[in-house]
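# Overview (structure and organization)
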Amino acid sequence: MSGRPDSDLPPDTQTVQDLREDLAEADDRDLREDVAEADDRDLREDVAEADDRDLREDLAEADDKDPRDDGLLDEQARRARWAAAGTGVVLALAGTAAALLRASGTAPALVPVAYACGAAVCALAAVLGARGRTRRALWAAVAGVMIMALGDQFD
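Residues numbered from 1 in each chain as written. Predicted model: local features only at pLDDT ≥ 70, side-chain atom pairs only at ≥ 80, totals over all residues. Heavy atoms only, no water.

A few words on the overall build of the chain. Helix and strand content of the chain: four helices and zero strands. A buried classification covers 16% of the 155 residues belonging to the chain. A separation threshold of at least 6 residues defines the contact pool for the chain, and within that pool the share at least 24 residues apart is 63%. Working note: accessible area of the chain is about 11,900 Å², and carbon and sulfur atoms make up 57% of it. (Helix = DSSP H or I, 4+ residues; strand = E, 2+ residues; numbered from the N terminus. Buried < 20%, exposed > 50% of the residue type's maximum accessible area, 1.4 Å probe, protein only. Contact = heavy atoms within 4.5 Å. Areas by Shrake-Rupley, 256 points an atom, 1.4 Å probe, with all protein chains shown as cover.)

Once that is clear, we can look at helix 2 (residues 72-104). The terminal C-alpha atoms of helix 2, which comprises 33 residues, lie 48 Å apart, in line with the 48 Å expected from a rise of 1.5 Å per residue. Those residues of helix 2 lying buried are Ala84, Ala85, Gly88, Ala92, Gly95, Ala98 and Ala99. In the core, the buried residues of helix 2 are packed alongside helix 3 (110-130) and helix 4 (134-154). (Expected span 1.5 Å × (residues − 1).)

This paragraph deals with the packing of helix 2 against helix 3. Geometrically, a packed helix pair is captured by the angle between its two axes and the distance between the axes. At a closest axis distance of 7 Å, the pairing of helix 2 and helix 3 adopts a crossing angle of 165°. The angle between helix 2 and helix 3 places the two elements in the roughly antiparallel class. When the axes of helix 2 and helix 3 are compared, the crossing they make is left-handed. Taken together, the residues that form the contact of helix 2 with helix 3 break down as 18 nonpolar, four polar and two charged. (Axes fitted to C-alpha atoms, helices over the stretch in contact; angles between N-to-C directions. Parallel < 35°, antiparallel > 145°, perpendicular 65-115°, else oblique. Left-handed = near helix turned anticlockwise from the far one by under 90°. Nonpolar A, V, L, I, M, F, W, Y, C, P; charged D, E, K, R; others polar.)

As structure tokens, this is what we get:
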């Protein structure tokens, strides 16, 4: 005996019935723990298998489905081309009109030249946009407007 109040009684004071009950409780507790561990392990395996199966199905669906099949990307590309081409045309017309108006007035010669050059760059942006080079068309339109703004500063 260790001196602790919860320690077991010496073997000679325990009855056979007490030993049987202790053994049954220990077996029952061990059995419950084993079942719980097995259930947890089975549950984890089932979840892992289900996740793997779902992942494989998702990958198979992604492989089968081409993003261009639904036409969404084609529609977006068409809109981008139209927007780039239309913006380039409108800016080119505005620059041409400004160049003609300034050329007929008393403005210095550099002003209508800057507007005309800006309009030419915007016309290039319209061509690039119509061909599908939307990023280059955007930068060309920005450059054309900057050139026209430079002509406005000279005025």
